[in-house]
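Coordinate analysis (summary)
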Amino acid sequence: MTSEQAYYNTGYKKSISDTHAIRTVENSVEYITNVLQPDFKVLDVGCGPGSITIDIAKNYLSQGGSVIGIEPTPEVIDTANNLKQSIAADVDNVSFQIGSIYKLPFDDNTFDLVHAHQVVVHLEDPVKALKELARVTKPGKYVTVKDGDLDSILIYPPKYDVLKEYQSKGALNRGSTDLKAGRKLLSRAIEAGYKPSNITTTTSTLSFAGQKETKKTWGDLLIKRVETGGEVFVVDDEKKNEEAKQEVIKVLQEWRDDETSVWSAINFEITYKKA
Ligand SMILES: C[S@@+](CC[C@H](N)C(=O)[O-])C[C@H]1O[C@@H](n2cnc3c(N)ncnc32)[C@H](O)[C@@H]1O
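Quick look at the structure, then. A quick note: this is a predicted structure, and the numbers were derived from the prediction, not measured.

Looking at the overall build of the protein
Of the regular secondary structure elements, the protein holds 9 helices and 8 strands. For the protein, the C-alpha radius of gyration of 19 Å lies close to 19 Å, the compact-globule estimate for 275 residues. Expressed as a percentage of the 275 residues in the protein, the buried residues total 37%.

Written out as structure tokens, the structure is:
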């Protein structure tokens, strides 16, 4: 049986969720604006702390458009509701509810846009999830899915290569994260029954470089996440794991403060017009 929550499988961790809360439509899912219309009924599946969901409601919908964010973990829903309260208390076309991507609590053909950002990459059964996204989408309307490809991470100078190694280990040991999920997304969508001629595939990069403020923010969030997010770098050896953790924190601090350092990874996006 597939787990309904493979991502927070050792319990909800605020420092992990915090790394998602800096996301907006513009910095994370700009490709959805190719199809998103102001009057759309939108579903954001695996919405996390809801920063993208709220941004969609606030800045991209009007004319009766609305968005629902879905998450299986109560703490994540609380985080999203708190964020809404603090940055969009007057916005009444966004709501959050508990649910799983494997069994969405909606009828067939309900939404104009069904969206999942960095969710399918963490699932044990991506094809089943992709089928469910299409089920609740109206014919002629859209499913948009974006997944990172952690195996594509590039870091420079080489002394920081150890960060890629640890990022992969942390992700693998957390559970079902597929390091090559991004490049597999198109074939998985076709396996899920998406009509190939109705799929548009795009890519984008997430990059941090030089002395940009975004790089410092990202570095700080990652350091917090390694400190308190419970990521496991060395399995079944607490002492070695703690040593590895301290090493990652030290190298991350250096990387963050190094004006020559860069980090980049490829993300794959699909936009499917349901047949
Ligand atoms: C990397 S986060 C992405 C969050 C958000 N989409 C964003 O981009 O900020 C992955 C999210 O998928 C959620 N998730 C895990 N299993 C899920 C499931 N079965 N159904 C829906 N969401 C799930 C996790 O709780 C987590 O919030």
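There is more to say after this.
Things to note about unusual backbone geometry
At the junction of Y156 and P157, the peptide bond is cis and its omega measures out at -5° in the coordinates. As for its position among the elements, P157 is in the loop between β6 (154-156) and α6 (161-174). The residue N109 is not glycine, and still its phi comes out positive at about 55°. Relative to the helices and strands, N109 is located in the loop between β3 (94-98) and β4 (111-117). Look at N109 and you get partly exposed, because 14 C-beta atoms sit within 10 Å.

A closer look at the packing of helix α5 (residues 126-135) against helix α7 (residues 181-191)
Where α5 meets α7, the axes come as close as 9 Å, and the angle between the chain directions of the two elements is 65°. Handedness of the crossing formed by α5 with α7: right-handed. In this structure, α5 uses P126, V127 and L130 to contact α7, whose residues at the interface are R188, A189 and E191. Of the residues assigned to the contact of α5 with α7, the class counts are 4 nonpolar, no polar and 2 charged.

Considerations on the packing of helix α8 (residues 213-228) against helix α9 (residues 238-257)
Their axes nearest at 9 Å, the elements α8 and α9 cross at an angle of 170°. With respect to α9, the element α8 is oriented roughly antiparallel. Within the contact between the two elements, α8 uses K215, K216, G219, L222, I223, V226 and E227 and α9 uses K245, V248, I249, L252, Q253, W255 and R256. Split by residue class, the contact of α8 with α9 holds 7 nonpolar, 2 polar and 5 charged.

Notes on α5
All buried positions along α5 are accounted for by P126, A129, L130, E132, L133 and A134. In the core, the buried residues of α5 are packed alongside β1 (41-45), β4, β5 (137-148) and α7.

Examining α8
For α8, which comprises 16 residues, the first-to-last C-alpha distance of 23 Å matches the rise-based estimate of 22 Å (1.5 Å per residue) to within 8%. When α8 is considered as a whole, its buried residues turn out to be K215, G219, L222, R225 and V226. Down the axis of α8, the buried side of the element spans an arc of 125°, and every buried residue falls inside it. The inward-facing, buried residues of α8 contact α1 (14-20), β7 (199-209) and α9. Phi turns positive, to about 70°, at G230, one or two residues after α8.

Looking at the environment of Q63
Inspection of the secondary structure assignment puts Q63 in the loop between α3 (51-59) and β2 (66-71). Residues Q63 and H20, spaced 43 residues apart in sequence, show a C-alpha to C-alpha distance of 28 Å. If sequence neighbours within four positions are ignored, Q63 has contacts with P38 and D39.

Structural notes on the pairing of strand β8 (residues 262-273)
Inspection of the sheet shows β5 paired to β8 by 7 bridges, in the antiparallel sense. For G148, the partnering residue across the bridge sits in β8 and is N267. Pairing analysis gives 3 bridges linking β6 to β8, with the strands arranged antiparallel. Among the inter-strand pairings, I155 is bridged to a residue of β8, identified as W263. Two elements, β7 and β8, share 11 bridges in a ladder whose sense is antiparallel. Each residue of the ladder has a partner; that of T205, found in β8, is I266.

Concerning the environment of A265
For A265, the position within the fold is in strand β8. A count of 20 C-beta atoms within 10 Å places A265 in the buried class. Those residues in contact with A265, other than ones at most four positions away along the chain, are G148, D149, L150, S152, I153, T205 and L206.

Here's the deal with the nonpolar core
Side chains that are nonpolar tend, in soluble globular proteins, to be buried together. Counting 46 residues, the largest nonpolar core has V45, L113, V120 and L133 as its most contacted members. Excluding its chain neighbours within four sequence positions, the residues that come into contact with L113 are I32, V35, L36, F40, V42, K141, Y142 and T144. Of all hydrophobic cores here, the second largest spans 11 residues; its members include Y166, F233, V248 and W255.

How each quantity is defined
- Residues numbered from 1 in each chain as written.
- Predicted model: local features only at pLDDT ≥ 70, side-chain atom pairs only at ≥ 80, totals over all residues.
- Helix = DSSP H or I, 4+ residues; strand = E, 2+ residues; numbered from the N terminus.
- Rg over C-alpha atoms; globule rule 2.2 N^0.38 Å.
- Buried ≥ 20, exposed ≤ 12 C-beta atoms within 10 Å, placed from the backbone.
- Axes fitted to C-alpha atoms, helices over the stretch in contact; angles between N-to-C directions.
- Left-handed = near helix turned anticlockwise from the far one by under 90°.
- Contact = placed C-beta atoms within 7 Å.
- Nonpolar A, V, L, I, M, F, W, Y, C, P; charged D, E, K, R; others polar.
- Parallel < 35°, antiparallel > 145°, perpendicular 65-115°, else oblique.
- Expected span 1.5 Å × (residues − 1).
- Arc of directions from axis to C-beta.
- Pairing = 2+ DSSP bridges.
- Core = buried A, V, L, I, M, F, W, Y, C linked by C-beta atoms within 7 Å.

Read these as geometric descriptors, not functional statements.
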